Amino acid sequence: MKIALTEFVTLDGVSQGPGSPDEDTTDGFTRGGWLVPYLDETFVRRTSEWLDLADGLLLGRRTYEAFARDWPEITDPADPFTERMNALPKYVVTNTRTEGTWHPTTVLTGDPVRTVAELKARPGRELQIHGSARLGDALLSAGLIDTLRLAVAPTVLRTGRRLLTGAGGASGLRLVRHDATPNGLLLLEYAAAGQAPRAHYEGVTAFT
């Protein structure tokens, strides 16, 4: 299977608490809910298309517990995500839980890179990481992420937990699709491209 990392971020890279002011107040974060003002039909359609590709969800403990609390409570039959989010197999990477409450759930213990690599070797389409920024960051550094999808909100928070801040090697990415929604979100899809390239600038004539 491929592993796809889907994240909602601000222009300054914050991924914490996009959905509501009280979604994630860890470390005193008070600026949650920053994505919601920019949601529109284009965003919903594209993210629904992304979810169509999933054969399972791969989550860290904190995101898993938040999702397990919230998604089963959404009962709107017109919601385009709820049925699939609740029905898909969930894999939670944690050494502090032994079982899940959001079924069907498989708990992955031990070293995250090793256990996810074993899961990735199975046949299938995509295992999708939604949220779980620290897990996604670690797996990108380890070379296990195949696709990175970002919804970038036109806002700057200057505080909050940021995406892709952990230690590790530099990662190269190749842009494969980009869209701008009517409300100003940038929807970016990247394919992993090995090590990040570097070069010396030798003037504009080198590129013409």
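Keep in mind that what you see is a predicted model, and the values were worked out from it rather than measured.

Trainee: Before we go on, may I ask you to explain the pairing of strand S3 (residues 90–93) in this structure?
Mentor: Judged by which residues are buried, S3 turns out to be covered on both faces: Lys90 and Val92 on one side and Tyr91 and Val93 on the other are all buried. Direction of pairing for strand S2 (residues 54–60) relative to S3: parallel, over a ladder of 4 bridges. Note on S3: the bridge partner recorded for leucine 59 is valine 92. Where S3 and strand S4 (residues 105–108) come together, 4 bridges link them in parallel fashion. Looking at the pairing, valine 92 lines up with valine 107 of S4.

Trainee: Just to check I follow, could you spell out the environment of glutamate 202 for this structure?
Mentor: For glutamate 202, the location among the structural elements is in the segment after strand S8 (186–195). Along the primary structure glutamate 202 and glycine 33 are separated by 169 residues, whereas in three dimensions their C-alpha atoms are 44 Å apart.

Trainee: Even after reading the chapter, I still don't get the UniProt feature "domain: Bacterial bifunctional deaminase-reductase C-terminal" (unreviewed entry) in the protein chain, so can you show me in this structure?
Mentor: The positions UniProt marks with the feature "domain: Bacterial bifunctional deaminase-reductase C-terminal" (unreviewed entry) are residues 2–187. With 25% helix and 26% strand, residues 2–187 has its two end C-alpha atoms placed 20 Å apart.

Trainee: How do you make sense of the environment of tyrosine 190 when you look at a structure like this?
Mentor: With respect to the helices and strands, tyrosine 190 occurs in strand S8. Along the primary structure tyrosine 190 and leucine 173 are separated by 17 residues, whereas in three dimensions their C-alpha atoms are 5.8 Å apart. Dropping the residues within four chain positions of it, tyrosine 190 is found in contact with Asp146, Thr147, Leu148, Leu150, Leu173, Arg174, Leu175 and Val176.

Trainee: When you look at the sheet that holds S8 in this model, what are you seeing that I'm missing?
Mentor: Think of a sheet as strands paired side by side through backbone hydrogen bonds, with each pair either parallel or antiparallel. Sheet architecture is open: 8 strands sit in the order S4-S3-S2-S5-S1-S6-S8-S7, paired in mixed fashion. The two strands at the open ends of the sheet, each matched to only one other strand, are S4 and strand S7 (171–180). When the angles between neighbouring strand axes are averaged without regard to direction, this sheet yields 25°. By the bridge criterion, 7 bridges tie strand S1 (residues 2–10) to strand S6 (residues 147–153) in an arrangement that is parallel. In the sheet register, threonine 10 faces S6, and the bridge partner there is alanine 153.

Trainee: Mind showing me how you'd approach a nonpolar patch on the surface here?
Mentor: Where nonpolar side chains cluster on the molecular surface, the patch consists of Tyr201, Val204 and Phe207 and spans about 410 Å² of accessible area. Relative to the elements of secondary structure, phenylalanine 207 occurs in the segment after S8. Residue class for phenylalanine 207 comes out exposed when judged on its relative accessible area of 63%.

Trainee: What is the right way to read the side chain of serine 15 from this model?
Mentor: Checked against the element boundaries, serine 15 lands in the loop between S1 and helix H1 (41–52). By relative accessible area, serine 15 is classed as buried at 11%. Dropping the residues within four chain positions of it, serine 15 is found in contact with Glu7, Phe8, Val9, Trp34, Ala133, Arg161, Arg162 and Leu163.

Trainee: Help me understand the packing of aromatic side chains in this model?
Mentor: Remark: the centre distance and the inter-plane angle together describe each pair of aromatic rings, the angle taken between the planes. Taken as a whole and assessed by the stated rule, the structure comprises 4 aromatic pairs. Centre to centre, the rings of tyrosine 64 and tryptophan 102 are 6.1 Å apart; their planes meet at 50°, and the pair counts as tilted. A residue pair is termed long-range when its members are at least 10 positions apart, and tyrosine 64 in helix H2 (residues 61–70) and tryptophan 102 in the loop between S3 and S4 qualify at 38 residues. Classification of tyrosine 64 by relative accessible area gives buried; the value is 0%. One aromatic cluster in this structure is built from Tyr64, Phe67, Trp71 and Trp102. Between lysine 90 and the ring centre of tryptophan 102, over which it is positioned, the NZ or CZ distance is 4.4 Å.

Trainee: Which parts of the structure should I look at to understand helix H4 (residues 112–120)?
Mentor: An α-helical turn contains 3.6 residues, so any two residues separated by three or four positions project in the same direction. Every buried residue of H4 is accounted for by Thr115, Val116, Leu119 and Lys120. An end-on view of H4 places all buried positions within 140° of arc, on one side of the element. In this structure, the buried side of H4 is in contact with S1, S2, S3, S4, strand S5 (126–130) and helix H5 (133–141).

Thresholds, definitions, all that
- Residues numbered from 1 in each chain as written.
- Predicted model: local features only at pLDDT ≥ 70, side-chain atom pairs only at ≥ 80, totals over all residues.
- Heavy atoms only, no water.
- Buried < 20%, exposed > 50% of the residue type's maximum accessible area, 1.4 Å probe, protein only.
- Helix = DSSP H or I, 4+ residues; strand = E, 2+ residues; numbered from the N terminus.
- Pairing = 2+ DSSP bridges.
- UniProt positions renumbered as here; feature names shortened; annotations may be inferred.
- Contact = heavy atoms within 4.5 Å.
- Axes fitted to C-alpha atoms, helices over the stretch in contact; angles between N-to-C directions.
- Patch = residues over 30% accessible without salt bridge, like charges linked within 9 Å, V, L, I, M, F, W, Y side chains within 5 Å.
- Areas by Shrake-Rupley, 256 points an atom, 1.4 Å probe, with all protein chains shown as cover.
- Salt bridge = Lys/Arg side-chain N within 4 Å of Asp/Glu carboxyl O.
- Phe/Tyr/Trp six-rings, centres within 6.5 Å; stacked < 30°, edge-to-face > 60°.
- Lys NZ or Arg CZ within 6 Å of the ring centre and 35° of its normal.
- Arc of directions from axis to C-beta.

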